[in-house]
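Below, each chain spelled out in residue letters.
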Amino acid sequence: MAHAKDKYYWAQLRAALTSGQWSSPSPGTAQNGSPLSWFHVLRKFNKHCKGFQDVAEVASQTQALFLLLGADTEDVDQLGLEDGDELVLADECLLPPERIEEARGGYETLRSLNSENFDSLQLALALYAYAFGQFSECLAYLLKVPKLLEVQSHSHTPPSFTTRSDNSALQVPGSIAETSSSWTGSFVTADSPGSTADIKDGRAWAIIESIRSTCLQGMCCEKLSQPQKAIQAYSSVLPLLSSIESEIPRTLVATHLSSASFDNYRELWRWTERLMFRTISLLSRFCCLDENDGLIWTMFIHYHACSAHWPATFCTGHRSTVAVLHLRALIIQHQTSSITANPNSPLQSVRPPQWISTARSVMHEYRTVLETCTTFPKAGERNVKVEDFVDLCVAVWETNGAISDRVRWVLDMLWWATRLTFNSYRIYRHMTRLLSISGDTELAKRTLRLYVQVVSKAREAGVDNDFDTDRHWVETLINGARMLCRLSISRQDGIDDAKEAGDMIEKAKTRLDENDKEMVARVALAEGVYYTTLAIIEQESYTRQARLSRALAAYLKSATTYPTPAAHHQLAIALSLPGSSQNVDEAIVSARAAVEEDADEIRHWHLLGLLLSANGEWEKATGVLEVGADLDESKQDAEGPARLDVENTAGDIVLKAPMADGIEAKDFELNQQVTQVNRHSKLPVSHLPLNNAHGLASEHKRLLDPLATGIPPSATLLRPLPDHPSPSSCDAFDYALQLRMTQMALAEHIEGPEGAEGRWVGVFGWIAERKGSPSISGSMTETQPRSSMDTGRTTQTPSVLHQPSQDPLNEKGPGADQHGFLGLSLGQQDPPPITVTPATPADPHRRFPFSMDEKESLKDKRSSSVDGTGKKVQQMLKARVHKGQERITTISRKLGHGVVRNGYLKRTNSAPDFHAVLQNHNYQASSIHSRRRLRSLIRNNPAAAPIESPPAPPPPLPPVPEEMPPLHATKDDKLISNLWAMSAATFRRLGKIEQAKGAIQEAEVKDSENPAVWVQLGLYYMALDRRREALEAFQKALFISPDDVAASVHLCRIHLSTKSSTDTVDSDKVDLVAGLLGHVTRGPGWDVPEAWYYLAKAYGLQGRKDKERESLATALTLSDCRSIRNIGRAVGWCL
């Protein structure tokens, strides 16, 4: 019985010491379960464990010292007066002067003990010496303990080693005796019941003493101004840290319900955390990130791993500081090595780099700590830690490339932060930007208004440091204004958003520093975008030219004050617009400047190609567009930015500086930097890579200044706001597809529809590579089955999507109608605008007065835009002109053709070669020919009757449950629908009516509310001389989009046409055409020459000769400098 009590009270004393319950009224229990105070635990230990009075005395005096150290704080884990936010070692673990005498008695009692082999006594004396501020004496005591960290060599261990279960504790193989060890005197003895194994046999307390003593050794070196020795001392404990992480039972980690495991090892975690914190604070100030074999990364890994065992309330000050330092180190390490946002890169579709996973794990842990240690602020206060945490999150996202597709987790953090802050302008500023990037523009608008209101009111109240800086105010408001402009262009009722953008610009000017040229230029750029937007969406002919003139002046001011690629881009657009200030040559110069300064932006190349086409420089335009397409493909292959440098023999253009013949690419490296994966995984230090992705040294980056006492605000890590947001992967697909559509329009203009036919296979093959298949992911047809008359299924008419009023797309091509060539407006626009340019029909019997054939005859007479520009562009791009053609011609060009004899369009596979390229295409029947109005037309027209007999009427059905509302097409669906519609026009001009019909059906399957689908259907019926069906199709397009220019013009064309030259046009129809086109030319069709031409024809039939002459002159002027496609629809009116 005596032996059992001996083992039991050994276990109780060790458990009390290991748990660090210094102020607990009942650190132990008797064998009968009754609680025991410290006094009674020591008394019973002395009673039943004979001969170990020295052990009890050391334990008693240790407990007494810790009580004195924690007397002035309510935090049980804090020793002395310490500040978790301070990096410099202050008064922690030091007794205040008034308590030194009280502790002197215990110190003398320990010194009076004569136990030379009792190592715990020397370690306890070292602890007292440090508490007294006697640092040299503390180091002397520690030197008396040989092999301080070799716990295993100083402790007896069990006779045999067994596999440790999940619930087991620290175990070391070896043998154990029932007597005390020489390592910790009597603290390590035989196994006994009462606690987990490591606590019972004393090994846990042995490790605590080792870590505590090592920590005291390093702290003494810090106090003696020997930081390198302190780092060396701290780092010697690394093997023990690895052992602790792997051996502490994770199944008993503290949870919301129980913290038993943590409480059992609380003293171990106190000193382990303190040691790691001191190491990290020193390394962050006195060492570079790559010094000491990446020791700071190793310590970050150990700290993060150990923190998984701690409750959120444990050492919140230290943990907050370490989390900020860890995130700051990751940001600094990867700031120069992370790539610029590249939505076309494969990184968009795969997992983020490993260092981002590490950063997000640290942030989630830090958020949990902040929830514990911070509260909702009182009146007049701010939750600074949470606001700083928000800046850190945004900085991490920016360092990862500011990729819009990976912004959701940052928004989640911002929404969480709103629960612990009150009207934080910092959070609202970030949320406005990120919500806009994520596509939630409505919420971004509301957040922007809230930001303006909060900052304005705080500034009016005159509260210091409670409102945003002037620069942030100006940046946020002008970016918000440009967001509102993009939104207003994409909406039918966007005039209110445009006016609000003007208000934002005026408010930004109130705090603009006129000496800050960059901000002055950015405000001028935003002002130019605002006036351009008003000119486009106001649809007011009396103010349009004045708006455009003011926009041009603002762009010129921005480009001359602080030139940027965006300013040159917008200036080129302004110079290309019809009016008194139109100057295509100067527009080309500005577009070239944008390309030179930012050759990675595909829209700059696209704009340059369009402007060259407006100047009739077809070969140069082809080469420029090829470079833009290759740039997109190179990004897909993660090969870095395109490099320009004409090689005389190879014919490849490589982007270097300078570019060929005057086009110089600035700020480009020879090799694109790629995002590093995490260099700091849980590996031994020897396995941590020390180089970045280029194999270069990490440039000796230092985390903090050696004299720093705290951490600088995380706002210093934020990058300046870009002048336009980085595109998402969907936007990048839009830009690349628009460029390829321009290539198709240009190819058809140069080579005719025969030459463009084979290129369509390459375009759809490119889509298959990017999206898998243009008819799969994201299509509404997967979730909403549709039917057609060909399949005999009934169809629910989908809801109508109201289309915004927009300028039509313009095309030039050799197959243009003799009535002119009209670009068609397709698709509902969401920011950024989703528009495409389907080709237009060829009419072999009529000619437009100013056709492209006539204008081509002037091509050789036209000079270059600027002296020498033509030669420069030609030399730069001559090797690329036929590169895309060679790639495309490797795909089969065989296309089916033919027309059903009686004119009925049976469902086909549209373009068989496309489907050979686009494998795994889930076919879905079209519903075009299942519309009731078309069925009625077919029934009334015997010539249009189908070959097959209609199916028998179905039997009566029971009541059908309420059906799900039809799904709207996705953004990608709309883009691909536009592409199918454009290909339908090419087939129609080739006379391949069956393929045209199939392409129209594919376009309708992707987006039935696309007005271009119905415009192409109307042109298809016109090719079959079915005027009534054509009229119905154009009216359907106008029902979807009342301001659709293409549908309006073709509808008026039918009304003005006659069956023979001797017939006259009905006067009512003439008046209808004059009224309809008068409205169109005053609004969205103000720059479409076809609309003005047919309006002139209507005026002529009305006898209004002056109006006819004026309209014809306008049409001629507009057609003279029009690009191959409408610039606003192909590229967008603003970046």
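K.L.:
Give me the lowdown on the overall build of the protein chain, citing residues and values where you can.
P.N.:
Counting secondary structure elements, the protein chain contains 43 helices and four strands. For the protein chain, the proportion of its 1135 residues judged to be buried stands at 59%. Within the protein chain, contacts between residues separated by at least 24 positions form 74% of all contacts whose residues are at least 6 apart in sequence.

K.L.:
Quick one: what's the story with empty space enclosed by the protein, residue by residue and with numbers?
P.N.:
Enumeration according to the criterion identifies 16 cavities of 30 Å³ or more in this entry. Quantified by volume, the largest cavity comes out at close to 210 Å³. In this model, the second largest cavity occupies a volume close to 100 Å³. Taken together, Phe 300, Tyr 303, His 304, Ser 307, Arg 319, Val 322, Ala 323, His 326, Val 362, Glu 365, Tyr 366 and Val 369 make up the full set of residues lining the second largest cavity. If you list the elements that add at least two residues to the lining of the second largest cavity, you get α13 (295-306), α14 (316-334) and α15 (354-373). Each residue belonging to the lining of the second largest cavity can be placed in one class, and the counts come to seven nonpolar, three polar and two charged.

K.L.:
Please provide a residue-by-residue account of α13, values included.
P.N.:
Here α13 contains 12 residues, and its C-alpha end-to-end distance of 16 Å stays within 8% of the 16 Å for a straight helix at 1.5 Å per residue. Of all 12 residues making up α13, 11 are buried, and the element is well covered by its neighbours. Buried residues of α13: Leu 295, Ile 296, Trp 297, Thr 298, Met 299, Phe 300, Ile 301, His 302, Tyr 303, Ala 305 and Cys 306, and no others.

K.L.:
Break down unusual backbone geometry for me, with residues and values.
P.N.:
At Asp 293, a position not held by glycine, the phi torsion is positive, near 55 degrees. By secondary structure assignment, the location of Asp 293 is in the loop between α12 (266-286) and α13. Positive phi values are uncommon outside glycine, yet Ala 402 reaches one of about 50 degrees. Within the secondary structure, Ala 402 is located in the loop between α16 (384-399) and α17 (408-417).

K.L.:
I'd like a rundown of the nonpolar core, residues and numbers included.
P.N.:
One finds Tyr 130 and Trp 271 to be the most contacted residues of the largest nonpolar core, which totals 264 residues. It is helix α22 (residues 517-537) that provides the largest number of residues to this core, a total of 12 residues. If sequence neighbours within four positions are ignored, Trp 271 has contacts with Phe 66, Leu 79, Cys 93, Leu 127, Ile 208, Ile 211, Arg 212, Cys 215 and Leu 216. Val 1045, Val 1049, Leu 1056 and Ala 1098 belong to the second largest nonpolar core, which has 19 residues in total.

K.L.:
Can you break down the side chain of His 604 residue by residue, with the values?
P.N.:
Along the chain, His 604 turns up in helix α26 (residues 602-614). What His 604 contacts, discounting residues up to four positions off in sequence, is Pro 565, His 569, Ala 594, Val 595, Asp 598 and Leu 1135.

K.L.:
Got a sec to walk through the confidence of the model for the protein chain? Specific residues and values, please.
P.N.:
Scored by pLDDT, the protein chain comes out at a mean of 75, with 69% of its residues at no less than 70. Across residues 337-349 the pLDDT falls below 50, and counting only partners more than four positions away or on other chains, this stretch makes 43 contacts in the model. Confidence drops under a pLDDT of 50 for residues 774-949, and excluding neighbours within four residues, the segment shows 526 contacts in the predicted structure.

K.L.:
Hey, could you go over helix α41 (residues 1089-1102) for me, with residue numbers and the actual values?
P.N.:
Compared with an ideal rise of 1.5 Å per residue, which puts 14 residues at 20 Å, α41 spans 20 Å between its outermost C-alpha atoms and is within 8% of the ideal. Among all positions of α41, only Pro 1089, Glu 1090, Ala 1091, Trp 1092, Tyr 1093, Tyr 1094, Leu 1095, Ala 1096, Ala 1098, Tyr 1099 and Gly 1100 are buried. Where the residues of α41 are buried, they touch α39 (1045-1056), α40 (1067-1082) and α42 (1105-1120).

K.L.:
Would you mind going over the environment of Tyr 8 in detail, with residue names and values included?
P.N.:
Following the sequence through the fold, Tyr 8 ends up in helix α1 (residues 2-19). Here Tyr 8 falls in the buried class, since its relative accessible area comes to 13%. With 40 residues separating them along the chain, Tyr 8 and His 48 place their C-alpha atoms 9.3 Å apart. Looking at Tyr 8, its side chain comes within polar contact range of the main-chain oxygen of Ala 30, at 3.0 Å.

K.L.:
Can you tell me about the packing of helix α8 (residues 203-223) against α12, naming the residues and giving the values?
P.N.:
Put simply, α8 and α12 touch, their axes get as near as 9 Å, and they point 30 degrees apart. The orientation of α8 with respect to α12, classified from their angle, is roughly parallel. The handedness of the crossing between α8 and α12 is left-handed. When α8 is examined against α12, the residues Trp 205, Ile 207, Ile 208, Ile 211, Arg 212, Thr 214, Cys 215, Leu 216, Met 219 and Glu 222 are found in contact with a partner set consisting of Glu 267, Leu 268, Trp 271, Thr 272, Arg 274, Leu 275, Arg 278, Leu 282 and Arg 285. Residue classes in the contact of α8 with α12 are distributed as 11 nonpolar, two polar and six charged.

K.L.:
Hey, could you go over the packing of helix α21 (residues 495-509) against α22 for me, with residue numbers and the actual values?
P.N.:
When two helices pack together, their arrangement is given by the angle between their axes and by how far apart the axes lie. Put simply, α21 and α22 touch, their axes get as near as 10 Å, and they point 160 degrees apart. Classified by the angle their axes make, α21 and α22 are roughly antiparallel. Handedness of the α21/α22 crossing: left-handed. Mapping the contact onto sequence places Ile 495, Ala 498, Ala 501, Gly 502, Ile 505 and Lys 509 in α21 and Val 523, Ala 526, Glu 527, Tyr 530, Thr 533, Leu 534 and Ile 537 in α22. The residue inventory of the contact of α21 with α22, partitioned by class, reads nine nonpolar, two polar and two charged.

K.L.:
Which residues make up the environment of Ile 231, and what are the values?
P.N.:
Relative to the helices and strands, Ile 231 is located in helix α9 (residues 227-235). Residue class for Ile 231 comes out buried when judged on its relative accessible area of 4%. For the pair Ile 231 and Leu 283, spaced 52 residues apart in the sequence, the C-alpha separation amounts to 7.4 Å. If sequence neighbours within four positions are ignored, Ile 231 has contacts with Leu 282, Leu 283, Cys 287 and Leu 295.

K.L.:
Residues and numbers for the pattern of salt bridges, please.
P.N.:
Any two side chains of opposite charge can pair, on the condition that their charged atoms come close. Applying the stated criterion across every chain yields a total of 42 salt bridges. Across the pair Glu 751 and Arg 759 runs a salt bridge whose closest N-O atoms are separated by 2.8 Å. The partner of Lys 992 in a salt bridge is Glu 757, with the nearest N and O atoms 2.3 Å apart. Here Lys 992 is found in the loop between α35 (971-989) and α36 (993-1006), whereas its partner Glu 757 is found in helix α28 (residues 729-757), with 235 residues between them in sequence. Residue class for Lys 992 comes out buried when judged on its relative accessible area of 14%.

K.L.:
Talk me through the state of the cysteines; I want residue IDs and the actual numbers.
P.N.:
Enumeration according to the criterion identifies zero disulfides in this entry. Of all cysteine sulfurs, the one in Cys 215 lies closest to Cys 93, which takes part in no disulfide; the gap is 6.7 Å. Judged by relative accessible area, Cys 93 falls into the buried class, the value being 2%. Lacking any disulfide linkage, Cys 485 is separated from the closest cysteine sulfur, that of Cys 1134, by 6.2 Å.

Thresholds applied
- In this convention, every chain numbers its residues from 1, walking through the sequence in written order.
- Per-residue local features of the predicted model are confined to residues with pLDDT of at least 70, and side-chain atom pairs are confined, for both listing and counting, to 80 or more; whole-chain, interface and lining totals are unaffected and use all residues.
- The basis for the side-chain values is all heavy atoms of the structure; hydrogens and waters are excluded.
- Starting at the N terminus, helices and strands are each numbered in turn, a helix being any DSSP run of H or I of at least four residues and a strand any DSSP run of E of at least two.
- Accessibility here uses a 1.4 Å probe with only protein chains present; expressed as a share of the type maximum, an area under 20% marks a residue as buried, one over 50% as exposed, and anything in between as partly exposed.
- The contact rule is simple, with two residues in contact once any of their heavy atoms fall within 4.5 Å.
- Here a cavity denotes a set of grid points, spaced 1 Å apart and computed over the protein atoms alone, in which a 1.4 Å probe fits but from which it cannot get out, and a pocket denotes an open set meeting protein on both sides within 12 Å along at least five of seven lines; residues with an atom within 4 Å of a point are reported as lining.
- Grid points are joined across faces, edges and corners, and a volume is the space filled by probe spheres set on the points.
- Basically, the charged four are Asp, Glu, Lys and Arg, the nonpolar ten are Ala, Val, Leu, Ile, Met, Phe, Trp, Tyr, Cys and Pro, and anything else, Gly included, counts as polar.
- For a helix, the expected span equals 1.5 Å multiplied by the residue count minus one.
- Here, nonpolar core means buried Ala, Val, Leu, Ile, Met, Phe, Trp, Tyr and Cys residues that are tied together by side-chain atoms lying within 4.5 Å of each other.
- Here pLDDT means the predictor's own confidence in every residue, given as a number from 0 to 100.
- Any N or O atom pair separated by 3.5 Å or less is treated as a polar contact, with the protein-specific requirement of one donor-capable and one acceptor-capable atom, and with residues adjacent in sequence counted only for side-chain atom pairs.
- To define axes, lines are fitted to C-alpha atoms, for helices over the stretch in contact only, and angles between the resulting N-to-C directions are given on a 0 to 180 degree scale.
- Oblique is the label for every angle not falling under 35 degrees (roughly parallel), over 145 degrees (roughly antiparallel), or within 65 to 115 degrees (roughly perpendicular).
- We call a crossing left-handed when the near helix sits turned anticlockwise from the far one by less than a right angle, and right-handed when that turn is clockwise.
- Within this document, salt bridges are pairs made up of a side-chain nitrogen of Lys or Arg and a carboxyl oxygen of Asp or Glu, the two lying within 4 Å of each other.
- Note that a disulfide, as used here, is simply two cysteine sulfur atoms within 2.5 Å.

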